[in-house]
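Topology and contacts: notes
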Amino acid sequence: MADIIQLLPDHVANQIAAGEVVQRPASVVKELIENAVDAGSTSIKLIVKNAGKTLIQVVDDGKGMSATDARLSFERHATSKIKAAEDLFQLHTKGFRGEALASIAAISHVEMNTRQEDDEVGTQLKIEGSKIVDQGVTVTPVGTSLLVKNLFFNIPARRNFLKSDTVELRHIIDEFQRVALAHPNIQFDFYNNGSELFNLPASNLRQRIVHIFGGKTNEKLVPVEEDTEVVNLSGFICKPEFAKKTRGEQFFFVNNRFVKNSYLHHAVCAAFEGLIKEQTHPSYFLFLEVDPSGIDINIHPTKTEVKFDDEHALYAILRASVKHSLGQFNVAPVLDFERDANLDTPYNYKSKNADFPTVEVDANFNPFEKESKGSINVGYQKREKPQASWENLYVGLEKKSDFSSIEFESEEVTGSLFNNTKEQEVSATSYQLHKKYIVTTIKSGMVIINQHRAHQRVLYEQYLKNITIDKGVSQQLLFPLKLSFTKTEIALLKELKDSLENTGFLFSNFKDEEVEVSGIPLNISESEVGIIVDQLLSDFQSEVPESSLSQADILAKAMCKTLAVKSGEVLNVASQEVLVNNLFATKEPTVSPFNKPTYITMTVEEIDKRFL
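Rules behind the numbers
- Residues numbered from 1 in each chain as written.
- Predicted model: local features only at pLDDT ≥ 70, side-chain atom pairs only at ≥ 80, totals over all residues.
- Heavy atoms only, no water.
- Helix = DSSP H or I, 4+ residues; strand = E, 2+ residues; numbered from the N terminus.
- Buried < 20%, exposed > 50% of the residue type's maximum accessible area, 1.4 Å probe, protein only.
- Contact = heavy atoms within 4.5 Å.
- Areas by Shrake-Rupley, 256 points an atom, 1.4 Å probe, with all protein chains shown as cover.
- Expected span 1.5 Å × (residues − 1).
- Polar contact = N/O pair within 3.5 Å; in protein donor to acceptor, adjacent residues only side chain to side chain.
- pLDDT = per-residue confidence, 0-100.
- Phe/Tyr/Trp six-rings, centres within 6.5 Å; stacked < 30°, edge-to-face > 60°.
- Pairing = 2+ DSSP bridges.
- Axes fitted to C-alpha atoms, helices over the stretch in contact; angles between N-to-C directions.
- Parallel < 35°, antiparallel > 145°, perpendicular 65-115°, else oblique.
- Left-handed = near helix turned anticlockwise from the far one by under 90°.
- Nonpolar A, V, L, I, M, F, W, Y, C, P; charged D, E, K, R; others polar.

1. Describing the overall build of the protein chain
The number of helices and strands found in the protein chain is 16 helices and 22 strands. Among the 612 residues that make up the protein chain, the fraction classed as buried is 42%. Taking the contacts inside the protein chain whose residues are at least 6 apart along the sequence as the reference set, 67% of them involve residues at least 24 apart. Surface accessibility of the protein chain: about 38,100 Å² in total, with carbon and sulfur atoms responsible for 51%.

This is the structure:
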């Protein structure tokens, strides 16, 4: 029998590895920026076109590569980060596998320009689908410039699975922010389709967070710092009142590498227990420095999953440190009713000794000394108010009044404002059960309606009609609402502006980090506007559609989900009947916009069977 096992060609093996390493354009951005950080760069530029599908370029001012290293860097498992297996337990760099550049070159057109400081000219390398097309010398500044064009040009199936440009750009921004937060000492610039999205100068961590997430973030931050034998913890948490319903500002960095860990996230949430509402998530930017030999990051190609030797100790330290920060900065409430918070000594001044004032005071000074010796006498006379006499009230009333000429209204009622017909008493045909369900009768039996889902269906069709056909009615605000957002959220709001205005929102001004809302839909209160817009942004960031029809669908779903009557809300009889009538007037009364049943029916026969 012939041998059937054979070695795969290099280009096939590279494409298989690319399936693990390069899942979308954001994966390429992550690998290239991390390589630029490992090269010792002080300034990194990211240039993107069409959400990375057309072009991804990373320019750094690092140490660069020689001609031999430039060509060797695109071979599989070629790396300068490690040399032996033991180095995997002492990693101080971002990458170490040696698969990234080979995987990227296998599925795109790559052009590299690089030069070392001692060389007069640099090296230019062009690769298409793992094949080196051209190599020569070029004039280029010190550092490396890597261009990745036409991603997935030879794998059309993978290209077709990519999401819309807005979704892919959102993933690129996420990867960019993670690396930028981990290295505040490096300057980062981000350009998308020729416009500048981020300009992050080299600074400290607090300033870097404010530059990325907006100026309003500074007042939210509470510092965390704890040094132990197991872990050195530093960073910031956000105050409990700024907790959000959606995740997005939760960052863990282990040895300056972004990681995802649900166990450690639970530790932070446990520290906030009792301070934030249910189903809300605290924001945090926490850096953990541990011994590299105590962690294993060689689990997944993305290197976002980490295994710790002693997770239980980390959990306890993290929870205690966050609680300590909340307490020491008076963020957490205390049960001391006699204490005045204004008289508390700041935490940083508790260990300092009090300094005596340097102002000299003459203890013998008496400002009244001259007056007591002299003959000056200032008299004071009390001014008496004129006393009112009760007899004055009756002056001039001695003359008797003649009431004969005054006409009074007749006591007899000649007409009736209302008809004499008997009022028909409205009999209640519906009943609210456990503040959650509405029970009403039909010819064949009864209907049990879920009030939350039914109202979702009614609002969904109403908003969808407003967005696509009619324009929703808006109520003008006397004082415009000012809402703060990040630059990426402002860009997304500008895209949704027309659809939101059709539902009844009116925007008077768009700034870099602020939006003015001058009008809102009729059935929305001012206090709900911020919640609704945050919910809209989170829904669109997770699944932004390309077509306007599906965009309107997501917008209508997000608004009805937030504004629908909640379970536990008491409805009077009139409200119940209006909800029931509106539900059965919709096109699809049987299911909610999220494909869940809105009501169930029970016939008289089914009820009779229960009594057999």
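2. Thoughts on helix H2 (residues 25-38)
Helix length check: H2, at 14 residues, gives a terminal C-alpha distance of 20 Å against a target of 20 Å (1.5 Å per residue), a fit within 8%. Across the 14 residues of H2, 13 count as buried, placing the element largely inside the fold. Where H2 terminates, the next one or two residues include Gly40, which has phi positive at roughly 80°.

3. Notes on helix H7 (residues 205-213)
Within H7 the residues assigned to the buried category are Leu205, Arg208, Ile209, Val210, Ile212 and Phe213. Structurally, the start of H7 carries an N-cap: the backbone nitrogen of Arg206 is 3.4 Å from a side-chain oxygen of Asn204. One or two positions beyond H7, positive phi appears at Gly214, with a value near 100°.

4. Some points on unusual backbone geometry
With phi around 60°, Phe152 is a residue other than glycine that occupies positive phi space. In this structure, Asn193 takes a positive phi of about 50° despite not being glycine. For Asn193, a relative accessible area of 47% puts it in the partly exposed group.

5. Considerations on the confidence of the model for the protein chain
Taken over all residues, the pLDDT of the protein chain has a mean of 79, while the share at 70 or more is 77%. This stretch, residues 372-380, has a pLDDT under 50; its non-local contacts, to residues over four places away or in other chains, come to zero contacts. Across residues 421-427, confidence stays below pLDDT 50; counting only partners more than four residues off in sequence or on other chains, it has one contact.

6. Here's the deal with the packing of aromatic side chains
Counted under the stated rule, the structure contains 16 aromatic pairs. Seen in terms of ring centroids, Phe251 and Phe258 are 6.0 Å apart; in terms of plane orientation they differ by 65°. Their pairing is edge-to-face. For the pair Phe253 and Phe258, a centre-to-centre distance of 5.9 Å together with 65° between the ring planes defines the contact as edge-to-face. These aromatic residues form a ring-pair network of at least three members: Phe213, Phe251, Phe253, Phe258, Phe285 and Phe287.

7. A short note on the side chain of His455
When you line up the elements, His455 lands in helix H11 (residues 451-468). A polar contact of 2.8 Å, which involves the side chain of His455, links it to the backbone nitrogen of Val565. Look past the residues within four positions of His455 in its chain and what remains in contact with it is Leu563, Ala564, Val565 and Leu579.

8. A look at the sheet that holds strand S16 (residues 430-433)
In any sheet, the strands associate via hydrogen bonds between backbone groups, in a parallel or an antiparallel arrangement. Read across the sheet, four strands follow the order S16-S17-S18-S22 without closing on themselves; strand pairing throughout is antiparallel. Pairing within the sheet leaves two strands with one partner each, and these edge strands are S16 and strand S22 (599-603). Averaged over all adjacent pairs, the angle separating strand axes in this sheet is 25°, with direction ignored. Both S16 and strand S17 (residues 437-442) contribute to a ladder of four bridges, which runs antiparallel. Of the residues in S17, the one forming a bridge with Gln432 is Ile438. Taken strand by strand, H11 contacts S16, S17 and strand S18 (445-450), and its axis lies near 75° from that of S18. Strands S16, S17, S18 and S22 of the sheet are contacted by helix H15 (residues 573-583), whose axis makes an angle of about 100° with S16.

9. Observations concerning the pairing of strand S6 (residues 143-149)
For a regular strand, side-chain orientation follows a simple rule: the groups alternate between the two sheet faces. Most of S6 sits inside the fold, with six of its seven residues counted as buried. Where strand S2 (residues 55-60) meets S6, six bridges bridge the pair, whose relative direction is antiparallel. Directly across from Asp60, in S6, lies its bridge partner Thr144. Pairing of strand S3 (residues 109-115) with S6, which is carried by seven bridges, proceeds in the antiparallel orientation. Bridged to Glu111 within S6 is Leu147.

10. Re the sheet that holds strand S10 (residues 232-238)
As summarised here, the arrangement of the five strands in space is S9-S10-S13-S11-S12, forming an open sheet in which the pairing is mixed. Edge positions in the sheet fall to strand S9 (221-227) and strand S12 (257-259), since each has one partner strand and no second. Geometrically, the sheet is characterised by an average inter-axis angle of 20° between neighbouring strands, direction not taken into account. Two elements, S10 and strand S13 (residues 284-289), share six bridges in a ladder whose sense is antiparallel. From the neighbouring strand, Ile237 faces S13, where its bridge partner is Tyr284. In the packing of helix H6 (residues 165-182) onto the sheet, the strands contacted are strand S11 (250-254), S12 and S13, and the crossing angle to S11 comes to about 55°. Those strands touched by helix H9 (residues 311-328) are S9, S10, S11 and S13, and its axis lies near 135° from that of S9.

11. A look at the pairing of strand S21 (residues 514-521)
With eight of its eight residues buried, S21 lies for the most part within the structure. Both strand S19 (residues 474-484) and S21 contribute to a ladder of seven bridges, which runs antiparallel. For Ser484, the partnering residue across the bridge sits in S21 and is Glu514. Of the pairings in the sheet, the one linking strand S20 (residues 506-510) to S21 comprises four bridges and is antiparallel in character.

12. Quick look at the environment of Cys238
One can find Cys238 in strand S10. For the pair Cys238 and Lys220, spaced 18 residues apart in sequence, the C-alpha to C-alpha distance is 5.1 Å. Each residue touching Cys238, except ones within four places of it in the same chain, is listed here: Lys220, Leu221, Phe272, Ser283 and Phe285.

13. A closer look at the packing of H11 against helix H12 (residues 487-503)
For any two helices packed against each other, one specifies the crossing angle of their axes together with the interaxial distance. Close contact between H11 and H12 brings their axes to 8 Å; oriented N to C, the two are set at 120°. Overall, the two elements H11 and H12 adopt an arrangement that is oblique. Considering the relative orientation of H11 and H12, their crossing is right-handed. The residues of H12 that touch H11, namely those facing Tyr463, Asn466 and Ile467, are Ser499, Asn502 and Thr503. Partitioned by chemical class, the residues of the contact of H11 with H12 number two nonpolar, four polar and no charged.

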